[in-house]
Amino acid sequence: MFEELAEGVFRRPYPFLRINIGVVIGEEGVLLVDTRESEEAARELSRELRTLTTKPVRWVVNTHWHWDHVFGNALFPGAVIWGHRSCRRRLLVDPAPHFKDARRWMPRDRRDEIERVRVVPPKQTFEALTSIDIGGNRVSATYHGRGHTDADVVVRCAGVTFMGDLVEQGKSPEMGDSYPLEWPATLAAARPGVGPTVVPGHGDLLSATDIDHQADRLERVAALLRQVLFEGRPAEEAVRRGPIPELHMRKALARARSEAGIPA
Ligand SMILES: [Zn+2]
């Protein structure tokens, strides 16, 4: 159920994809960090919120545009939805890739939930920083550059940092839409003031030291990729020596090539 991390600040971990939803309760209403993978899932979240407070959900921050974080947005029509401007653009311009991803990952018996999703992109966007006054608890959302996607937002409130998928716990970093050459610098830029409690997009709580370990690992990935792209070292060697599984190294290499504008 809900885990209180600071006064009025909670996370709700769900078994599916081990995703974490953030909840911040202010005098004026509730702010959610992400909205889950479907409207049915968001409805369940909404029902559970009633065990915490009778206040309405008035704000949502989307940490990025991946379906498992935004497909519940439509369930909160009374909320102002915030996100990085790339998050809005990606959801607005072409929803098809998001549905394709969702159909691939959603269990078969829940796939009809995906077909019912109405994609609602963030309405309020920002470039680098925004501060949301929810009454009592002040929430900030910041963007530090490209990393896991081109729209990863970090949400901070009362010593709790919601990192989205810039960091995940218990699995390899998700490289499919990433910018592996820039990711380490983005994480370094986000690092000051992180914690003491860190909520990753997926998995168990982390400490600020865990973030440093993840940053090291991403830097080792980036260093190997740079050797392949700019020093002519063999790709297979980098893939083998990588600190993440080979499949993920291959994805990272493909992404880094397009990031650097170098054809395969
Ligand atoms: Zn995710």
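Right, let's walk through the structure included here. (Residues numbered from 1 in each chain as written. Predicted model: local features only at pLDDT ≥ 70, side-chain atom pairs only at ≥ 80, totals over all residues. Heavy atoms only, no water.)

Remarks on the pattern of salt bridges
Thought 1: A complete count under the given rule lists 25 salt bridges for this structure.
Thought 2: A salt bridge links E39 to R118; the nearest nitrogen and oxygen atoms lie 2.7 Å apart. One end of the pair, E39, is in helix α1 (residues 39–49); the other, R118, is in the loop between α5 (111–115) and β7 (124–126), and 79 residues separate them in sequence.
Thought 3: The residue K171 makes a salt bridge to E174 at a minimum N-O spacing of 3.9 Å.
Thought 4: Judged by relative accessible area, which is 23%, E174 ranks as partly exposed.
Thought 5: Overlapping salt bridges, with partners in common, bring together R36, E37, E44, R110 and E113 in one network. (Salt bridge = Lys/Arg side-chain N within 4 Å of Asp/Glu carboxyl O. Helix = DSSP H or I, 4+ residues; strand = E, 2+ residues; numbered from the N terminus. Buried < 20%, exposed > 50% of the residue type's maximum accessible area, 1.4 Å probe, protein only.)

Overview of the coordination of the zinc ion
Around a metal, the perfect tetrahedron of four donors has angles of 109.5 degrees, and the perfect octahedron of six donors has angles of 90 or 180 degrees.
Thought 1: Looking at the zinc ion, one finds its protein donor set to be D68 (OD), H69 (NE2), D165 (OD) and H202 (NE2), positioned 2.0 to 2.7 Å from the metal centre.
Thought 2: Metal-centred angles of 86 to 170 degrees between the 4 donor atoms at the zinc ion mark the site as irregular. (Donors = N, O, S within 2.8 Å, 3.2 Å for Na, K, Ca; no water. Tetrahedral: all angles 85-135°; square planar, octahedral: opposite > 155°, others 65-115°.)

Section: the pairing of strand β1 (residues 3–6)
Thought 1: Judged from the 3 bridges that link them, β1 and strand β2 (residues 9–13) form a sheet pairing that is antiparallel. Along β2, the bridge assignment pairs E4 with F10. (Pairing = 2+ DSSP bridges.)

Some words on the pairing of strand β4 (residues 30–33)
Thought 1: Burial along β4 is two-sided: V30 and L32 facing one way and L31 and V33 facing the other are all buried.
Thought 2: Here strand β3 (residues 20–25) pairs with β4 via 4 bridges, running antiparallel. Residue pairing in the sheet places I25 in a bridge with V30 of β4.
Thought 3: Connecting the antiparallel pair β3 and β4 is a turn made up of 4 residues, with G29 showing a positive phi of about 155 degrees.
Thought 4: Here 4 bridges tie β4 to strand β5 (residues 57–61), and the two strands are oriented parallel to one another. The residue of β5 that forms the bridge with L32 is V60.
Thought 5: With α1 bridging β4 and the parallel β5, this β-α-β connection has right-handed handedness. (Right-handed = clockwise from strand over helix to strand, strands pointing away.)

What about the environment of E27?
Thought 1: Counting through the fold element by element, E27 comes out in the loop between β3 and β4.
Thought 2: The exposure class of E27 is exposed, given its relative accessible area of 59%.
Thought 3: Apart from residues no more than four positions distant in its own chain, E27 is found in contact with K55, I134, G135 and G136. (Contact = heavy atoms within 4.5 Å.)

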